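Tertiary structure, described
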Amino acid sequence: MNNVLELERVSRSYGRGGRAVHALCEVEVQVPEHSLTAVTEPSGSGKSTFLQCAAGLDRPTAGVMRLGGRVISGMKERGLSRLRRTHVGFVFQSFNLLPALTVQQNVLLPLRLDGRPRGPARARELLARVGLDGREDARPGQLSGGEQQRVAIARALITELDVVFADEPTGSLDQETGAEIMNLLREAVDQQGATVVLVTHDPSVTARADRVLRLAHGRLVQDSRAGTVAASGVPRATSAAGGPVR
Ligand code: ADP
């Protein structure tokens, strides 16, 4: 099976010298295609930094990162932003739909931003898959939180993607609605061949993943596929001066 995402000793530090914060330290991960990976553990452990670096929203300060076989760690902003438009889908905790656009226009937005033909039939097909048949012309404000997240999933799947990244996709939903959203993400992996990498605090979400990665203080401390990868000697993600890290 091909790896769609590869991190080789990837580190991300903020600031320099004694006050540097090491948000990610030499993280090594290979994500195979058609899999659902959950990255978990407490706040401040480096989950958001992991997701942002992996999705090309941020650049690592050291290490090599490949997405769909391309090295993205040294890419300039222009290349990264094109890559994000064409190879990466995003699902956020707060849905991030555009309120002035219809549901269908929101789903088609990644194609429109990339100057591609509109593909309304594909949008309708994806909306039907996420259970929103007939709601194409509604505005996001007329939908429940769970329905809005369904639209976000359809939008994330509209392009030919390498990976869908999801940041706490069930974080603002009740348990039952969150479970439905996880069903859809699982279905995207199992039936549509998507690859999903998400960050979450929620054990009911990690329970649905093929693989769980635990981060602590910026280091990968556990990989459910490989067992514990490092248990001790983990430096804390605080500034060396001992002050607040943000
Ligand atoms: P999580 O998503 O697990 O809560 P983050 O990736 O947001 O963790 O943060 C990891 C560490 O890096 C934390 O100690 C955080 O305060 C620090 N950090 C994140 N972003 C910045 C930044 N822009 N400047 C300085 N420190 C940051």
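The model shown is predicted, which means the values in this text are computed figures rather than measured ones.

This part is about the overall build of the protein. When its secondary structure is counted, the protein shows seven helices and 11 strands. Taken against the 2.2 N^0.38 rule, which gives 18 Å for 246 residues, the C-alpha radius of gyration of the protein at 18 Å falls within 12% of a compact globule. Its C-alpha atoms give the protein principal-axis dimensions of about 55 × 40 × 40 Å. In the protein, which comprises 246 residues, the share counted as buried stands at 48%. Put simply, of all contacts in the protein between residues at least 6 apart along the chain, 68% involve residues at least 24 apart. Working note: accessible area of the protein is about 11,700 Å², and carbon and sulfur atoms make up 47% of it. Here the protein carries 31 positive and 26 negative side-chain charges, and the mean point of each set is 8 Å from the other.

Quick look at helix 6 (residues 175–190) now. Along an α-helix, residues three or four positions apart point the same way, because every turn accommodates 3.6 residues. Over its 16 residues, helix 6 extends 22 Å from the first C-alpha to the last, a length consistent with the 22 Å expected when each residue adds 1.5 Å. Turning to helix 6, its buried residues are T177, G178, I181, M182, L184, L185, R186, A188 and V189. For helix 6, the elements touching its buried residues are strand 3 (36–40), helix 4 (120–129), helix 5 (145–156), strand 8 (196–200) and helix 7 (203–206). One side-chain oxygen at the N-terminal end of helix 6 lies 3.1 Å from the backbone nitrogen of E176; it belongs to D174.

Now for the packing of helix 5 against helix 6. Each packed pair of helices is defined by two parameters, the angle between the axes and the distance between the axes. For the pair helix 5 and helix 6, interaxial distance at closest approach is 10 Å and the crossing angle is 15 degrees. The angle between helix 5 and helix 6 places the two elements in the roughly parallel class. Considering the relative orientation of helix 5 and helix 6, their crossing is right-handed. For the pair helix 5 and helix 6, the contacting residues are G146, Q149, R150 and I153 in the first and T177, E180, I181, L184 and L185 in the second. Classifying every residue of the contact of helix 5 with helix 6 gives four nonpolar, three polar and two charged.

Turning our attention to the layout of surface pockets. Its boundaries defined by the atoms lining it, the second largest pocket holds a volume of some 400 Å³. Around the second largest pocket sit 17 residues that line it, and R84, F90, P110, L113 and R155 are the ones nearest its centre. Counting residues per element, the lining of the second largest pocket draws most heavily on strand 6 (residues 88–92), at four residues. Here the lining of the second largest pocket is composed, by residue class, of 10 nonpolar, four polar and three charged.

To continue, consider the confidence of the model for the protein. In this model, the protein carries a mean pLDDT of 88, and residues with pLDDT of at least 70 account for 91%. In the model of the protein, strand 11 (residues 227–228) stands out as the element of lowest mean pLDDT, 60, in contrast to strand 3, which has the highest, 96. Segment residues 231–246: pLDDT under 50, and 26 contacts once partners within four positions in sequence are set aside and those in other chains are kept.

Once that is clear, we can look at the nonpolar core. Counting 38 residues, the largest nonpolar core has L36, I153 and L198 as the members making the most contacts within it. At the level of secondary structure, the elements contributing two or more residues to this core comprise strand 3, helix 3 (103–113), helix 4, helix 5, strand 7 (163–167), helix 6 and strand 8. No other element matches helix 6, which puts six residues into this core. Other than its neighbours up to four places away in sequence, I153 contacts V91, V130, I181, L184 and L185. Listed in part, the 28 residues of the second largest apolar core include A54, F165, V197 and L220.

What counts, and at which threshold
Residues numbered from 1 in each chain as written. Predicted model: local features only at pLDDT ≥ 70, side-chain atom pairs only at ≥ 80, totals over all residues. Heavy atoms only, no water. Helix = DSSP H or I, 4+ residues; strand = E, 2+ residues; numbered from the N terminus. Rg over C-alpha atoms; globule rule 2.2 N^0.38 Å. Buried < 20%, exposed > 50% of the residue type's maximum accessible area, 1.4 Å probe, protein only. Contact = heavy atoms within 4.5 Å. Areas by Shrake-Rupley, 256 points an atom, 1.4 Å probe, with all protein chains shown as cover. Lys, Arg positive; Asp, Glu negative; His and termini not counted. Charge placed at Lys NZ, Arg CZ, Asp CG, Glu CD. Expected span 1.5 Å × (residues − 1). Polar contact = N/O pair within 3.5 Å; in protein donor to acceptor, adjacent residues only side chain to side chain. Axes fitted to C-alpha atoms, helices over the stretch in contact; angles between N-to-C directions. Parallel < 35°, antiparallel > 145°, perpendicular 65-115°, else oblique. Left-handed = near helix turned anticlockwise from the far one by under 90°. Nonpolar A, V, L, I, M, F, W, Y, C, P; charged D, E, K, R; others polar. 1 Å grid on protein atoms, 1.4 Å probe; cavity = no way out; pocket = protein on both sides within 12 Å on 5 of 7 lines; lining within 4 Å. Points joined across faces, edges and corners; volume = space filled by probe spheres on them. pLDDT = per-residue confidence, 0-100. Core = buried A, V, L, I, M, F, W, Y, C linked by side-chain atoms within 4.5 Å.

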